[in-house]
Amino acid sequence: MTGVRKGLAKVEVALRWDPSPAERPAHDLDIVAAVYGAADLHGVPVHLVHFGSRSPDGTITLNRDSHTGQGFGFDEVMTLELDRMAAELRRVVVGVLIQDTGGRRATFADIAGTGVRIREGHTDLAEGDFDAVPAATAATVAVFTRDASGAWSLDARLQGFDADPEEFTRTMGAVR
């Protein structure tokens, strides 16, 4: 999954995966967005948006949250209204993490039918899966960056992490 595009306004990040077999615990994947200010583009996020939350200004919302992957198509969807964000917010990193279910840490290799799609309106900007990071327990899928003119661009690049959810949300925006 790679792609770069400039001048974005309102984008949607969607996630899909197949349910676990009946005899196994459910897989719970979550979309997470970390928002960074101009003063610290790679350090501590100004705010973190995940299941059960939204950004304080309402510009990032989780529209659909699945705990099992059951459903048709994309089971979890996050909307980012980049054009409405305050000028001091300059970078948004979007990732996917696997919640610990059934007492064991799953990796992307354990989960069938994964997919992620990033679109603006009806235009797909990037689409892919997690096959390239099979040993990872979390991954970043997109970095949105605002330039000096105020235009947002997308760098859709998959990067895997072997981290628990708390560690991933602390380090997902660091310089690599």
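Cut-off values and rules
- Numbering of residues starts from 1 in each chain and follows the order in which that chain's sequence is written.
- In view of the model being predicted, local features appear only for residues whose pLDDT reaches at least 70, and side-chain atom pairs are presented and counted only at 80 or more, with totals across whole chains, interfaces and linings using the full set of residues.
- Only hydrogens and water are set aside; all other atoms, that is, all heavy atoms of the structure, feed into the side-chain values.
- The rule for a salt bridge is simple: a side-chain nitrogen of Lys or Arg has to be within 4 Å of a carboxyl oxygen of Asp or Glu.
- To qualify as a helix, a DSSP run of H or I must reach at least 4 residues; to qualify as a strand, a run of E must reach at least 2; elements of each kind are numbered from the N terminus.
- Classification of residues uses two cut-offs on accessible area relative to the type maximum, computed with a 1.4 Å probe and protein chains only: under 20% is buried, over 50% is exposed, and between them is partly exposed.
- Throughout, the protein atoms alone are placed on a 1 Å grid, and a set of points is a cavity if a 1.4 Å probe fits but cannot get out or a pocket if it is open with protein on both sides within 12 Å along at least five of seven lines; lining residues have an atom within 4 Å of a point.
- Grid points are joined across faces, edges and corners, and a volume is the space filled by probe spheres set on the points.
- Here the term charged refers only to Asp, Glu, Lys and Arg, the term nonpolar to Ala, Val, Leu, Ile, Met, Phe, Trp, Tyr, Cys and Pro, and the term polar to all other amino acids, Gly among them.

Trainee: Explanation requested: the pattern of salt bridges in the structure shown.
Mentor: Throughout the structure, instances matching the rule amount to six salt bridges. Between arginine 170 and glutamate 166 there is a salt bridge whose closest N-O contact spans 3.4 Å. In this pair, arginine 170 and glutamate 166 both sit in helix α1 (residues 165-171), four residues apart, roughly one turn of the helix. You'll find arginine 170 and glutamate 166 in the same group, each marked exposed.

Trainee: Please explain the layout of surface pockets as it appears in this structure.
Mentor: Summary: where empty space remains is shown by rolling a probe the size of a single water molecule over the atoms. Approximately 280 Å³ is the volume attributed to the largest pocket. For the largest pocket, the lining is made up of 16 residues, of which Arg91, Val143, Arg157, Gln159 and Arg176 are closest to its centre. Among the secondary structure elements, those contributing two or more residues to the lining of the largest pocket are β7 (89-99) and β10 (138-146). Grouping the amino acids of the lining of the largest pocket by side-chain chemistry returns seven nonpolar, five polar and four charged.

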